[in-house]
Amino acid sequence: MNTQFRHHKLSTDDESRLVYVKPVPVADLPEEVREQAEGLDVLFAVHDSDGQQLALVADRGLAFTLARQHDMQPVTLH
């Protein structure tokens, strides 16, 4: 597998494009969301810098891909 890494120092403009990817236990979500989780125990939320949830997806890789496709810089939130 050929993996490439790029080092990029975030500028002030880039900081507004930061989004945070956070694992969310399905058990903590509203019932209508739990019903759609189809047997998953954890979903991944994408939040902006103000804490607003932008997306909720099935896996971490998808969360990062989604963010990058929208010209955002994802980071993991613990």
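As shown above, the structure is provided for reference.
Residues numbered from 1 in each chain as written. Predicted model: local features only at pLDDT ≥ 70, side-chain atom pairs only at ≥ 80, totals over all residues. Heavy atoms only, no water.

J.: Would you take a moment to explain the pairing of strand β3 (residues 53–57) for this structure?
T.: Of the pairings in the sheet, the one linking strand β2 (residues 42–47) to β3 comprises four bridges and is antiparallel in character. Looking at the pairing, Val-46 lines up with Ala-55 of β3. The turn joining β2 and β3, which pair antiparallel and follow one another in sequence, is formed by five residues; a positive phi near 90° is taken by Gly-51. (Pairing = 2+ DSSP bridges. Helix = DSSP H or I, 4+ residues; strand = E, 2+ residues; numbered from the N terminus.)

J.: Would you take a moment to explain the side chain of His-47 for this structure?
T.: Counting through the fold element by element, His-47 comes out in strand β2. Here the side chain of His-47 touches Gln-53 through a polar contact of 3.5 Å, landing on its backbone nitrogen. Setting aside its immediate chain neighbours within four residues, His-47 contacts Val-19, Tyr-20, Gln-52, Gln-53 and Leu-54. (Polar contact = N/O pair within 3.5 Å; in protein donor to acceptor, adjacent residues only side chain to side chain. Contact = heavy atoms within 4.5 Å.)

J.: Honestly, the nonpolar core in this entry has me stumped. Any pointers?
T.: Among the nonpolar cores identified, the biggest contains nine residues, and these are Val-19, Val-21, Phe-44, Val-46, Ala-55, Val-57, Ala-63, Phe-64 and Ala-67. Elements with a contribution of two residues or more to this core: β1 (18–25), β2, β3 and α3 (60–69). In terms of residue count, α3 provides more of this core than any other element does, three residues in total. With residues near it in sequence (within four places) discarded, Val-21 still touches Phe-44, Ala-45, Val-46, Arg-60, Ala-63, Phe-64, Pro-74, Val-75, Thr-76 and Leu-77. The next biggest cluster of nonpolar side chains, apart from the first, holds six residues, and it includes Val-24, Val-26, Ala-37 and Ala-45. (Core = buried A, V, L, I, M, F, W, Y, C linked by side-chain atoms within 4.5 Å. Buried < 20%, exposed > 50% of the residue type's maximum accessible area, 1.4 Å probe, protein only.)

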